[in-house]
Amino acid sequence: MKKIRILIFIFLLFVLSSCSSNVEDIASLIDMPNREENFLTGTWEVSKVEKQDNGSDSNKSYNVGDKLYISNDMVAIREDYTLNPKYSAKYVNLKDYLKSRDFSLFKDVKTNDLKVVVLNASERQLYSKDFIVFSENDIAFIQNSFVYYLSKNSEKVDKKIQDYYISKNKDFRSFEKNDNSKKTDITVLLGTREKVNIYGNPTDQYNYYTYAVRLEPNLRARKYKTSNLFFPNKQEFWKLELPVNNATGIHDRITAYPVRLEDEIANNPETKLKYTYMDYEKNIKLNYLQEDRVSFEYTNPNDEVSMMKYAILKLEQLSQSKPLSINEIEGTDNISNFEDTVMKQINKDFEKVGKKDINEIDPTNVGIVRNQGIWQFETSYQIMVDDNIKQKSFPIDMTIEGKKLNEKKRIINWDQIKNKNPQAIDYFESYNNQYIIIQDADEILVYGLKNGVITNTPVINIQTPTSTQIVMCEWAGGEYANKWENAFKQNELINEY
């Protein structure tokens, strides 16, 4: 039965390839694979390794003969694995797919012109891998500028293999059972926006940093610091820079790119431009970064009366990006509801105000900000009242394509945080409820959590001598903690840490 299902799938690809050259139209016909029917299930073996043009031998992760295991509940190759994969599929032109990710074309020229299915397996920010499907028995994936070609050995995964990876992942599984009696090895990445105090400068300027904190059971916690924002994005780590325009003194551009392209970004202006969003009429202050999205507030330096507005961008193909509209964020037609929400807030704040008194209701004026331990959507308005301009920012209730911003249920509330530290301005809980980060005006403190109670003393602290806002918080547990720490240490570290 499974053999027939795979053959039908391959036949469908052939028919679609023959009937249409419009990949975007075809993509809508490919269903996402469900947990009962994963067409790549089985044991695969690396048959060939191909180094790309910008590859370095030190980045080679696997060798010919290494085994890849795929099932509904597992994707694993050597020490790189997930036991909670979520699958999605898309139909693409391989050449376009490779170029969009700045990968070199495959050395087999004929292969580049194929239209293929790409199956993605992911687990939050911890794991992501794209499998390029050439046939029912041949696939490939790209990692660290190497292409790994694989052939199918078996239609199933041996139970001993599954048991082996389950035993390696036992710390994570104990968290799933809400047993936090045993501390998990954790690395947390904290992205911060820190105000720069420049005497006589009328425009606020900011530096952006990333702190890595390693919380290893029975060992002293350790911390590192580097410039710019360093974060996981799908299959690799990325960096985000938000420099000051020396001519105008404002932050008018965002550059975000895979770490593997760092040298090329530094030496090739064309490549850098591809990964840069630029708008000379925006003075940008970043508020939120997570995987493939960034949110910021901004003002127009050319306006006589400055108005704060918000925007959300996708990081993919940043040079072509533009602020997402309310429809693009939520994935549904919701502009009319958004306009009604803004008008209700205005009418609540001011009587007898109509749309004629409003400069505009901009459907892209939506952002994500931090408020008392949660992320929330925010927008703003500007209106004329008695010949005076009035403006206000306020929160709104919405989702990202149906998903809430704060899906994890918190075990510590804001009142408990203020009881612990009356000067607290923000806090974050770890994914497994074993640690909590509390930020006040002078420092960021990491405490342990035991049975829902914050420990008396912090395990580590980070001094913040200037006004600081946390704009990113990413956690990794188990073996990923070590991988994240090692990857972070490849950055140019700031000596004080």
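Residues numbered from 1 in each chain as written. Predicted model: local features only at pLDDT ≥ 70, side-chain atom pairs only at ≥ 80, totals over all residues. Heavy atoms only, no water.

Caption draft 1: Examining a nonpolar patch on the surface more closely. Among the surface-exposed residues, Leu-273, Met-278 and Tyr-280 lie close enough to one another that they form a single nonpolar patch of about 310 Å² accessible area. Along the chain, the position of Tyr-280 falls in the loop between strand 16 (276-278) and strand 17 (283-290). (Patch = residues over 30% accessible without salt bridge, like charges linked within 9 Å, V, L, I, M, F, W, Y side chains within 5 Å. Areas by Shrake-Rupley, 256 points an atom, 1.4 Å probe, with all protein chains shown as cover. Salt bridge = Lys/Arg side-chain N within 4 Å of Asp/Glu carboxyl O. Helix = DSSP H or I, 4+ residues; strand = E, 2+ residues; numbered from the N terminus.)

Caption draft 2: The arrangement of unusual backbone geometry in detail. One non-glycine residue with positive phi stands out, namely Gln-372, at about 50 degrees. Positive phi, close to 60 degrees, is recorded for Asn-433, a residue that is not glycine. One can find Asn-433 in the loop between strand 23 (426-429) and strand 24 (435-439).

Caption draft 3: Geometry of the nonpolar core. Ranked by internal contacts, the top residues of the largest apolar core, which has 59 residues, are Leu-40, Leu-68, Phe-131, Leu-240, Leu-286, Leu-289 and Leu-315. For Phe-131, the residues in contact, after removing those within four places along its chain, are Leu-40, Leu-68, Ile-70, Val-75, Val-117, Val-118, Leu-119, Ala-121, Ile-139, Ala-140 and Phe-141. Val-213, Ile-358, Ile-400 and Leu-405 belong to the second largest nonpolar core, which has 43 residues in total. (Core = buried A, V, L, I, M, F, W, Y, C linked by side-chain atoms within 4.5 Å. Buried < 20%, exposed > 50% of the residue type's maximum accessible area, 1.4 Å probe, protein only. Contact = heavy atoms within 4.5 Å.)

Caption draft 4: Structural detail: the packing of aromatic side chains. In the structure shown here, the tally under the stated rule is 21 aromatic pairs. Between Tyr-288 and Trp-375, the ring centres sit 4.8 Å apart and the planes meet at 80 degrees, which makes this aromatic pair edge-to-face. Placement of Tyr-288 in strand 17 and of Trp-375 in strand 21 (residues 374-385) is noted, with a sequence separation of 87 residues between them. Side by side, Tyr-288 and Trp-375 carry an identical accessibility label, which is buried. The structure contains a cluster of three or more aromatic residues connected by ring pairs, namely Tyr-62, Phe-131, Phe-141, Phe-146 and Tyr-148. In this structure, Arg-193 is placed above the aromatic ring of Tyr-206, and the distance from its NZ or CZ to the ring centre is 5.3 Å. Between Arg-370 and the ring centre of Phe-428, over which it is positioned, the NZ or CZ distance is 3.7 Å. (Phe/Tyr/Trp six-rings, centres within 6.5 Å; stacked < 30°, edge-to-face > 60°. Lys NZ or Arg CZ within 6 Å of the ring centre and 35° of its normal.)

Caption draft 5: Main features of the pattern of salt bridges. On inspection of all chains with the given rule, the structure shows 20 salt bridges. For Glu-262, the salt bridge is made with Lys-239, and the minimal N-O distance between the two is 2.8 Å. Taken together, the positions of Glu-262 in helix 7 (residues 262-267) and Lys-239 in strand 14 (residues 236-241) put the pair 23 residues apart, joining distant regions of the chain. Residue Glu-262 is classed as partly exposed on the basis of its relative accessible area, which comes to 29%. By relative accessible area, which is 8% here, Lys-239 ends up buried.

Caption draft 6: Focus on the sheet that holds strand 11 (residues 205-215). Judged by pairing direction, the sheet is antiparallel, and its 4 strands sit side by side in the order 12-11-10-28 without closing on themselves. Strands with a single pairing partner mark the edges of an open sheet, and in this sheet they are strand 12 (222-227) and strand 28 (468-477). For this sheet, the mean angle separating the axes of adjacent strands, direction not counted, is 20 degrees. The pairing of strand 10 (residues 186-196) with strand 11 spans 11 bridges and is classified as antiparallel. Note on strand 11: the bridge partner recorded for Lys-195 is Tyr-206. Relative to the sheet, helix 12 (residues 479-488) contacts strand 10, strand 11, strand 12 and strand 28, its axis offset from that of strand 28 by approximately 130 degrees. (Pairing = 2+ DSSP bridges. Axes fitted to C-alpha atoms, helices over the stretch in contact; angles between N-to-C directions.)

Caption draft 7: Seen up close, the environment of Lys-115. Among the structural elements, Lys-115 can be located in strand 6 (residues 115-123). Of the residues examined, Lys-115 reaches a relative accessible area of 24% and is grouped as partly exposed. Placed 19 residues apart in sequence, Lys-115 and Asp-96 show a C-alpha to C-alpha distance of 9.6 Å.

Caption draft 8: Structural view of the pairing of strand 25 (residues 443-450). For strand 25, the buried fraction is high: 7 of the 8 residues fall into the buried class. Across 5 bridges, the pairing between strand 24 and strand 25 is antiparallel. Note that in strand 25 the partner of Gln-439 across the bridge is Ile-444. Hairpin connection of strand 24 to strand 25: 3 residues between the antiparallel strands. Bridge analysis of strand 25 against strand 27 (residues 460-463) gives 4 bridges, and the strand direction is antiparallel. Within strand 27, the residue paired with Glu-443 across the bridge is Gln-463. Across 2 bridges, the pairing between strand 25 and strand 26 (residues 453-454) is antiparallel.

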